[in-house]
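This is what each chain is made of:
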Amino acid sequence: MFLLCTRARPHLLLEFIECWHNTKASSPVTVLIDDDDPRIDEYKAIKYPKNWIVLYNESAKPVIKSNNWLQDNMHHDFYGNLADDLRPKTVEWDKKLIEVAKNNQIAYPNDTIQCEKLCTHSVIGGDLIRAIGWLCNPELIHFYGDNVWMHIGNQTNKLHYLGDVVCQHLHHSVGTREADETSANLDKSFAADYQIYTSWVNNPKTAELIEKIRGI
């Protein structure tokens, strides 16, 4: 199951859906939209793919929304994080990532920004998610979730980069899209999330978690 959190960006989500169809993607997706979103009517007017589920939830930071959703959805074979500013280019990119992730691995595409250096928009095996209990490190506000999975994957030899699977990430930091209010609000947590991430890496409990994952 893919999860996609979006806010005040129905136009970007429409573009993502167009790419979804053009690349013949077919996996299930759950979209999480805040019930106080200023553009909620535009979201409701979108024609979503048949096997997508759209949920309108109380406003919360993406990490909380993702993990709250996970509590009732721990039965899927795989989990993946998408974004409204992601633009897949490779035909059946979703299947290619899922096949490599299997039950207990981590597979990630070429996002054209970080590429191999960071596992952005990764697909994670269901057994691995169930063992850890979260999709996004619950200590974080928004950033460095990909770094957490990169650390876990590198330490356990479960990380797989698929360079020929291209899912371009449009991001204001590299000029491929304009910054907006959603970006500005999220960017405020960057420094705090870096401190949270570095503390997590050096926490003895993280080493214990890595040992647990190695046995899966």
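Anything mentioned here points back to the structure above.
Because the structure is a prediction, the values reported are computed rather than measured. (Residues numbered from 1 in each chain as written. Predicted model: local features only at pLDDT ≥ 70, side-chain atom pairs only at ≥ 80, totals over all residues. Heavy atoms only, no water.)

Another aspect to go through is the overall build of the protein chain. Check the secondary structure of the protein chain and you find nine helices and eight strands. What you see for the protein chain is a C-alpha radius of gyration of 16 Å, in line with the 17 Å of a compact globule of 216 residues. When its C-alpha atoms are laid out on the principal axes, the protein chain stretches across 45 × 35 × 35 Å. Looking at the protein chain alone, contacts between residues at least 24 apart form 77% of all its contacts between residues at least 6 apart. Element-wise, carbon and sulfur atoms account for 49% of the exposed surface of the protein chain, whose accessible area totals about 10400 Å². Across the protein chain, 22 positive and 29 negative side-chain charges occur, with their mean positions spaced 4 Å apart. (Helix = DSSP H or I, 4+ residues; strand = E, 2+ residues; numbered from the N terminus. Rg over C-alpha atoms; globule rule 2.2 N^0.38 Å. Contact = heavy atoms within 4.5 Å. Areas by Shrake-Rupley, 256 points an atom, 1.4 Å probe, with all protein chains shown as cover. Lys, Arg positive; Asp, Glu negative; His and termini not counted. Charge placed at Lys NZ, Arg CZ, Asp CG, Glu CD.)

This brings us to the sheet that holds strand β8 (residues 159-169). Strands sit in the order β3-β2-β1-β4-β7-β6-β8-β5 across an open sheet of eight strands; the sheet is mixed. Sheet topology places β3 (52-57) and β5 (86-88) at the edges, where each strand pairs with a single neighbour. The sheet shows a mean angle of 30° between the axes of neighbouring strands, taken without regard to direction. Relative to β8, strand β6 (residues 106-110) runs parallel, the two sharing five bridges. The partner of isoleucine 106 across the bridge, within β8, is leucine 159. The sheet contacts of helix α1 (residues 10-22) involve β1 (2-6), β2 (29-34), β3, β4 (78-82) and β5, and relative to β5 the element is tilted by about 15°. Along the sheet, helix α6 (residues 145-156) contacts β6, β7 (123-125) and β8; its crossing angle with β6, the most-contacted strand, is approximately 120°. (Pairing = 2+ DSSP bridges. Axes fitted to C-alpha atoms, helices over the stretch in contact; angles between N-to-C directions.)

Take helix α4 (residues 93-101) next. Side chains three or four residues apart in an α-helix point the same way, a direct result of the helix having 3.6 residues per turn. Residues Trp93, Asp94, Leu97 and Ala101 constitute the buried set of α4. Buried residues along α4 cover an arc of 100° about the axis, so they all sit on one side. (Buried < 20%, exposed > 50% of the residue type's maximum accessible area, 1.4 Å probe, protein only. Arc of directions from axis to C-beta.)

Attention now moves to the side chain of aspartate 84. Within the element layout of this structure, aspartate 84 appears in the loop between β4 and β5. Within the local environment of aspartate 84, its side chain forms a polar contact with the side chain of threonine 6, the two groups lying 2.7 Å apart. Within the local environment of aspartate 84, its side chain forms a polar contact with the side chain of arginine 9, the two groups lying 3.2 Å apart. Those residues in contact with aspartate 84 that lie beyond four places of it in its chain are Leu4, Thr6, Arg7, Arg9, Leu12, Leu13 and Phe16. (Polar contact = N/O pair within 3.5 Å; in protein donor to acceptor, adjacent residues only side chain to side chain.)

This next bit is on the nonpolar core. Of all hydrophobic cores here, the largest spans 32 residues; its most connected members are Trp69, Ile132, Leu135, Trp149 and Ile152. If one sorts the elements of this core by residue count, α6 sits on top with four residues. Ignoring anything within four residues of it in the chain, the contact list for isoleucine 132 reads Trp149, Ile152, Leu209 and Ile213. (Core = buried A, V, L, I, M, F, W, Y, C linked by side-chain atoms within 4.5 Å.)

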